[in-house]
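# Fold and contact review
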Amino acid sequence: MHLLQNPIRSEELLAKTIDVAHRFYASSSEPLRHSDLIKLAEQQGEHALIELFNNHSLGYADNGGSLDVRQEIAQLYNDNISADNIVVFPGAQTGMTLTAQALLHAGDHAIIVTPSYQSLEESAKLAGCEVTRVALSPDDNWRLNIIAIEAAIKDNTKYIALNDPHNPSGALMDVETKTALCKVAEKHQLVILSDEVYRLLEIDPEERSASMADISKNALALSTMSKPWGAGGTGIGWIACQDQTLCEKLRRAQHIYAVCFSRAGEIQTMMVLRCSDRIIDKNIRIIKANLELLEQYFAANNDLFEWVRPKAGGTGFVKFKGPISANSLASHLLAQGILVFPPSIFDCESSLSQYFRIGFSRTTMPGALKAFAQFVDQQRTIWAQ
Ligand SMILES: Cc1ncc(COP(=O)(O)O)c(C=O)c1O
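Owing to the predicted nature of the structure, the values given are computational and were not obtained by experimental measurement.

Rules of the game
Residues numbered from 1 in each chain as written. Predicted model: local features only at pLDDT ≥ 70, side-chain atom pairs only at ≥ 80, totals over all residues. Near = placed C-beta within 6 Å. Nonpolar A, V, L, I, M, F, W, Y, C, P; charged D, E, K, R; others polar. Axes fitted to C-alpha atoms, helices over the stretch in contact; angles between N-to-C directions. Helix = DSSP H or I, 4+ residues; strand = E, 2+ residues; numbered from the N terminus. Parallel < 35°, antiparallel > 145°, perpendicular 65-115°, else oblique. Left-handed = near helix turned anticlockwise from the far one by under 90°. Contact = placed C-beta atoms within 7 Å. Pairing = 2+ DSSP bridges. Core = buried A, V, L, I, M, F, W, Y, C linked by C-beta atoms within 7 Å. Buried ≥ 20, exposed ≤ 12 C-beta atoms within 10 Å, placed from the backbone. Domains from an automatic or database assignment.

As a further point, take the site of the ligand. By nearness alone, 13 residues border the ligand, and Gly91, Ala92, Gln93, Tyr117 and Thr224 come closest of all. The residue inventory of the shell around the ligand, partitioned by class, reads three nonpolar, nine polar and one charged.

Printed below as a string of structure tokens:
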């Protein structure tokens, strides 16, 4: 299969919108600045790391990720995961693509939970898989239906890929559902790719459950610096996995397809993780303040909008109840300099064709919401005709 056989759904939209005034779709946290990171690291007494950054070699980083960064990353998990269970990739997107390349073969079958980040499905297809989608529904609060997953399993099923916390809905899986899914995977000898890139952005930290990688040897947990920490510029993502045979396959895929990642990014990642609590507290505060504004707005305009309040991450999937399609709404908004993600980006089932994605993890969101509200007020009378 040619890598770019399928259209990249966000590409055309993002190309048109380089200068868009209001990025009301953005999913990653407020971007960190390197100078602010250094200040944070200094305040925490991380002088050795700063020295390491200033004097690091510009040669290759170690395959699979250098030991020091893997040790730091492993601390995000429970005791089942140590540095040996972490494989570093240049970002999560490369991680999911190379995982599929490493573990799947032409003729295998994969189950993909949708709506989803496009690359999650494309990576399985690129590896030659036949794909069955299992759709989440707002009628069920975007909960994963384990019975639907079991019903989709075939003799040649090898892989279940899903994203939790969920982009676009902001839904969060409870530990009972995770455990049930892991039991299904173990029973049928399937691998779960659990895309957990929004983990640690739970609005109520009490609702955070263990990573799927901690729960089952059949699960690979994918993560990245881009989302909770706003540090995508480090170019560092990773997979956590208990099973050394799987880890070794991933290391080999990284070695053959993505050998050149950045040591600077690894050291920045260590600095970010040492200062993680402060960075994430700040980002959660932004999310909570923005969610309050959105709740008020959607409650006051519930004739036009409806959503299931997100529980984690920086995105929500909103239903538009007006007389035009959500794709048209997004086009009209874009003409006013306001970018939301239309359902076409997620190649949504027809039942979700009135849903659009917003992002609320940036300090710029209140300005975007204001512009959005002004546009809606102008259109109200036209939509009422
Ligand atoms: C669900 C999901 N997974 C993975 C990624 C990719 O992460 P990265 O930017 O680290 O490649 C994204 C980015 O938007 C995402 O939303």
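So, on to the packing of helix α5 (residues 92-103) against helix α6 (residues 118-126). Two elements in contact, α5 and α6, have axes separated by 8 Å at closest approach and are oriented at 30 degrees. If you check the angle between α5 and α6, you find them roughly parallel. Crossing of α5 over α6 shows right-handed handedness. Contacts between α5 and α6 pair Gln93, Met96, Thr97 and Ala100 from the former with Ser119, Leu120, Ser123, Ala124 and Leu126 from the latter.

With that settled, the discussion passes to the sheet that holds strand β9 (residues 305-307). On the basis of which strands lie adjacent, the open sheet formed by three strands has the order β9-β10-β12 and antiparallel pairing. Where the open sheet ends on each side, the last strands, each with one partner, are β9 and β12 (355-359). Each strand axis lies, on average, 40 degrees off the axis of its neighbour in the sheet, ignoring direction. Pairing geometry for strand β10 (residues 315-320) and β12, over five bridges, is antiparallel. Note on β12: the bridge partner recorded for Val318 is Phe356. Contacts from helix α13 (residues 326-335) reach β10 and β12, with the element oriented near 40 degrees to β12.

So, about the nonpolar core. Tyr159, Ile192, Leu220 and Val340 are the most contacted members of the largest nonpolar core, which has 106 residues in total. Among the elements that make up this core, the one with the highest residue count is α5 (six residues). The residues that make up this core include at least three from each of domain 1 (9-33 + 278-375) and domain 2 (34-276). Filtering out sequence-adjacent residues up to four positions away, Ile192 remains in contact with Ile160, Leu181, Cys182, Ala185, Met212, Asn218, Ala219 and Leu220.

All right, on to the domain arrangement of the protein chain then. In terms of domain boundaries, the protein chain breaks down into domain 1 (9-33 + 278-375) and domain 2 (34-276). Placing the centre of domain 1 and that of domain 2 at their C-alpha centroids yields a distance of 24 Å. Each partner contributes residues to the interface: domain 1 has 32 residues there, and domain 2 has 34 residues. Looking at the side of domain 1 that touches domain 2, the elements with two or more residues in it are α12 (276-300) and β10. No other element matches the eight residues that α12 contributes to the side of domain 1 that touches domain 2.

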